[in-house]
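# Per-entry structural report
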Amino acid sequence: MNLESSVKRFIFGIGIGIFIAMIAWSYSAYYHVSISLMQGILTTLFLGVTCGLVATIGSLDKLMDNLPFL
């Protein structure tokens, strides 16, 4: 696996993680659960980096298959 492919996978994984975090954050607003700005930012960064690492180390097919249904 070359560096360019790994970087592309990592960036794609970060995008998926941020998308999942934004959906979770919007659900918290819908259910009137107060999430502080700092907690939301840290959670988004954590999910983004985690999904980026999973996409880089694993395969993108596994990442996409394990996403929950919306």
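Scroll up for the structure.
Structure report, in brief. (Residues numbered from 1 in each chain as written. Predicted model: local features only at pLDDT ≥ 70, side-chain atom pairs only at ≥ 80, totals over all residues. Heavy atoms only, no water.)

Here helix 2 (residues 37-57) is 21 residues long and its end C-alpha atoms lie 30 Å apart, about the 30 Å a rise of 1.5 Å per residue gives. Taken together, the buried positions of helix 2 are occupied by G40, T44, G48, C51, G52, A55 and T56. Looking down the long axis of helix 2, one finds its buried residues gathered within 135° of arc, a one-sided arrangement. Facing away from the buried surface of helix 2 by more than 90 degrees, the exposed residues are M38, L42, F46 and I57. (Helix = DSSP H or I, 4+ residues; strand = E, 2+ residues; numbered from the N terminus. Expected span 1.5 Å × (residues − 1). Buried < 20%, exposed > 50% of the residue type's maximum accessible area, 1.4 Å probe, protein only. Arc of directions from axis to C-beta.)

Bringing unusual backbone geometry into the picture now. With phi around 60°, H32 is a residue other than glycine that occupies positive phi space. Relative to the helices and strands, H32 is located in the loop between helix 1 (3-30) and helix 2.

This part is about the environment of T56. As for its position among the elements, T56 is in helix 2. By relative accessible area, which is 18% here, T56 ends up buried.

Enumeration over the complete set of coordinates arrives at one aromatic pair. When the ring of Y30 is compared with that of Y31, the centres are 5.0 Å apart and the planes differ by 80°; the resulting orientation is edge-to-face. In this structure Y30 comes out as exposed when scored by relative accessible area, which is 59%. (Phe/Tyr/Trp six-rings, centres within 6.5 Å; stacked < 30°, edge-to-face > 60°.)

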